[in-house]
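Coordinate analysis (summary)
Listed here are the chains, written in short residue letters.
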Amino acid sequence: MRGLVVLVTLACLASAQHQALIDYLERRLLAIEDRISLWHEQTTRYASELRELKQQMVSQLETLDKEKETLRMNLDSVGTRVDRVEREMDYLETQNGAQPCVDVDDKLIEQEVTLVKEKQRAKYSKLSDCSDMISSIKAMKILKRAGGPKGTWTKDTNRGSGKIYVFNGTDDDTIHEFASVQDFTRSQGLSLSQNLKLPSAWRGTGHVVFNNHAYYINQEEEMMVVKYNIKNGSVTDSAVFPVQDHMPVYGLTPETVMDLAVDEEGLWAIYSTRQNDKHISLAKMDANSLDIEQMWDTNCPRENAEAAFVICGTLYVVYNTKQPGRSRVQCVFDVNDMVTNEEAPLVYFPKRYGAHSSLKYNPQEQLLYAWDDGYQILYKLIMKKKLEI
């Protein structure tokens, strides 16, 4: 009996120890599960925080890139403004400083005092009462740089038009048309233009746009003046210029075989021939029929000439001076004999990049549209009456 009691007692003790072990193990498993759950929650939270941090960093990097681009654009704008201020200061020095010294060739003086043949110096019957001439250049504005080193840009001289036309280069068959100066200025290069395909290639930089027509020079076998209707895209008229043995009209712009100009009195042709190879000649043309109304041999030399333009029947020829970066009107020819070189005021152009490949006068605005080493520039003119000299 005593042995049975001992056995029962031992069994009870073994059962109690076994239950205690099971309870301990359950508590440990619960603690482990709690830790695993806490670790999972912390891991999830850390992953979420890392994603948010990554998004914040990406957003900040994008903001920094935008601020960097804005800063770069601001720096470019400041550089452009500084460049323009320097050019305006150069222009003010030209206007207010001492008279620049320009060496004038003795031959030029002799040419200026030599009388041209009477039949070619006969007074021209004017089509208008215009009697203005240049007094000085008030200001210059550099709009942009688009295209090659040489070319022509101009505005339709028709009073109701604000369109801008660009002839890029010296030999092509496409005109770039812009609706306004503002569109041209904000265009990246020539990207915003409407391209006008011509039936033949133009040559040089002597083109003009007058009353919705483009007048350009085509030189294949003969020197042709072509009148192209911009509205309907067709050639209205063309004519062989009635002069033999053409030469480049400007010594510094050999690509320009003939230069067309428009002023208050209509269409003009500036040219040169081998018979008068040292000087520039001038002709008045009928803008409708392209007929030649009258021709003059001027006393303006071709040598060192960059470009020329006509205002109120007066030819102004621009020459490269010995001053770096400057040019001036050094020869004036008035078809009505109201202005001579001795009487004309000195007109200097502000500091520029290279040499003018074209200068186009707009009589409605009294502005010169200049092409200078790929830069498109506007010169504002101050005028005075010829009789006030």
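Residues numbered from 1 in each chain as written. Predicted model: local features only at pLDDT ≥ 70, side-chain atom pairs only at ≥ 80, totals over all residues. Heavy atoms only, no water.

1. So, the overall build of the chain
Rules: What counts as a helix is a DSSP run of H or I of at least four residues, what counts as a strand is a run of E of at least two, and both are numbered from the N terminus. When accessible area is computed with a 1.4 Å probe and restricted to protein chains, residues below 20% of their type maximum are described as buried, those above 50% as exposed, and intermediate ones as partly exposed. Surface accessibility in these figures is a Shrake-Rupley result with a 1.4 Å probe; residues are shielded only by whichever protein chains are displayed.
Across its full length, the chain holds four helices and 20 strands. Counting all 389 residues of the chain, 44% fall into the buried class. A total accessible area of about 21,300 Å² is found for the chain, and carbon and sulfur atoms account for 52% of it.

2. Remarks on the side chain of Ser-357
Rule in force here: Side-chain atoms alone can form a polar contact between residues adjacent in sequence; in general such a contact is a pair of N or O atoms within 3.5 Å, and within protein one must be able to donate a hydrogen while the other accepts it.
With respect to the secondary-structure elements, Ser-357 resides in strand S18 (residues 356–362). Polar side-chain contacts of Ser-357 include one of 3.2 Å to the backbone oxygen of Gly-151.

3. A closer look at the state of the cysteines
Rules: In this description, the term disulfide denotes a pair of cysteine sulfurs within 2.5 Å.
According to the stated counting rule, one finds two disulfides in the structure shown. In this model, Cys-130 is linked to Cys-312 through a disulfide, with the two sulfur atoms separated by 1.4 Å. Taken as a pair, Cys-130 in the loop between helix H3 (118–121) and strand S1 (132–145) and Cys-312 in the loop between strand S14 (305–311) and strand S15 (314–320) lie far apart in primary sequence, 182 residues in all. For the pair Cys-130 and Cys-312, one class covers both residues: buried. One disulfide in the model links Cys-300 with Cys-331; its S-S distance is 2.1 Å. Classification of the bridge connecting Cys-300 and Cys-331 rests on its S-S torsion, roughly -80°, and on that basis the disulfide is left-handed. Separated by 31 residues along the polypeptide, Cys-300 in strand S13 (residues 292–301) and Cys-331 in strand S16 (residues 327–334) bring together distant segments of the chain. Cys-331 sits in the buried class, given a relative accessible area of 0%. Regarding the disulfides, the chain carries the connectivity 1-3, 2-4 under sequence-order numbering of its bonded cysteines.

4. Details of empty space enclosed by the protein
Picture a little ball the size of a water molecule; that probe, rolled over the atoms, points out where space is still empty. This is how it is decided: Using protein atoms alone on a 1 Å grid, points that fit a 1.4 Å probe yet trap it form a cavity, whereas open point sets bounded by protein on both sides within 12 Å along at least five of seven lines form a pocket; residues with an atom within 4 Å of a point count as lining. Grid points are joined across faces, edges and corners, and a volume is the space filled by probe spheres set on the points.
Throughout the structure, instances matching the rule amount to one cavity of 30 Å³ or more. Taken as a whole, the largest cavity holds about 90 Å³ of empty space. Mapped onto the lining of the largest cavity, the elements with two or more residues apiece are strand S2 (151–155), strand S6 (208–210), strand S10 (259–263), S14 and S18. Of all the elements, S10 adds the most residues to the lining of the largest cavity, at four residues.

5. A look at the nonpolar core
Selection criterion: For this analysis, a nonpolar core means a set of buried residues of the types Ala, Val, Leu, Ile, Met, Phe, Trp, Tyr and Cys, connected via side-chain atoms within 4.5 Å. Throughout, a contact is declared for two residues whenever any of their heavy atoms are within 4.5 Å.
The biggest cluster of nonpolar side chains holds 27 residues, and the ones touching the most others in it are Phe-309, Ile-311, Phe-349 and Tyr-379. With near-sequence residues (within four places) excluded, Phe-309 lies in contact with Ile-134, Ile-270, Thr-314, Leu-315, Tyr-316, Val-318, Phe-349, Leu-359, Tyr-361 and Leu-368. In terms of nonpolar packing, the next biggest core, distinct from the first, is built from 20 residues, Val-225, Ala-239, Leu-260 and Ala-287 among them.

6. Quick look at the sheet that holds S13
Let me state the cut-off plainly: Pairing between two strands is assigned when DSSP locates at least 2 bridges connecting them. Every angle, taken between N-to-C directions, lies between 0 and 180 degrees, and every axis is a line fitted to C-alpha atoms, over only the stretch in contact when it is a helix.
Taking strand neighbours across the sheet as the criterion, the four strands line up as S10-S11-S12-S13 in an open arrangement whose pairing is antiparallel. Both edges of this open sheet fall to S10 and S13, since each of them pairs with a single strand only. Between one strand axis and the next, the sheet turns through 25° on average, direction left out of account.

7. Section: the sheet that holds S6
The strand order S6-S7-S8-S9 describes an open sheet built from four strands, whose pairing is antiparallel. Single-partner strands in this sheet number two, and they are S6 and strand S9 (234–240). Sheet twist, expressed as the average angle between the axes of neighbouring strands with direction ignored, equals 25°. The sheet contact formed by strand S7 (residues 213–219) and strand S8 (residues 223–229) spans seven bridges and is antiparallel. The partner of His-213 across the bridge, within S8, is Asn-229.

8. A word on the packing of aromatic side chains
For clarity, the threshold we go by: When two rings of Phe, Tyr or Trp (its six-membered ring) have centres within 6.5 Å they constitute a pair, described as stacked for plane angles under 30 degrees, edge-to-face for angles over 60, and tilted for the intermediate range.
On inspection of all chains with the given rule, the structure shows nine aromatic pairs. Pairing Trp-153 with Tyr-369 gives two aromatic rings, centres 4.7 Å apart and planes at 65°, and the pair type is edge-to-face. Taken together, the positions of Trp-153 in strand S2 and Tyr-369 in strand S19 (residues 367–372) put the pair 216 residues apart, joining distant regions of the chain. The same class applies to Trp-153 as to Tyr-369, namely buried. Centre to centre, the rings of Phe-349 and Tyr-379 are 4.9 Å apart; their planes meet at 80°, and the pair counts as edge-to-face. Separated by 30 residues along the polypeptide, Phe-349 in the loop between strand S17 (347–348) and S18 and Tyr-379 in strand S20 (residues 375–385) bring together distant segments of the chain. Just as Phe-349 is buried, Tyr-379 falls in that class too.

Everything listed here is a matter of coordinates, which is why it stays silent on function.
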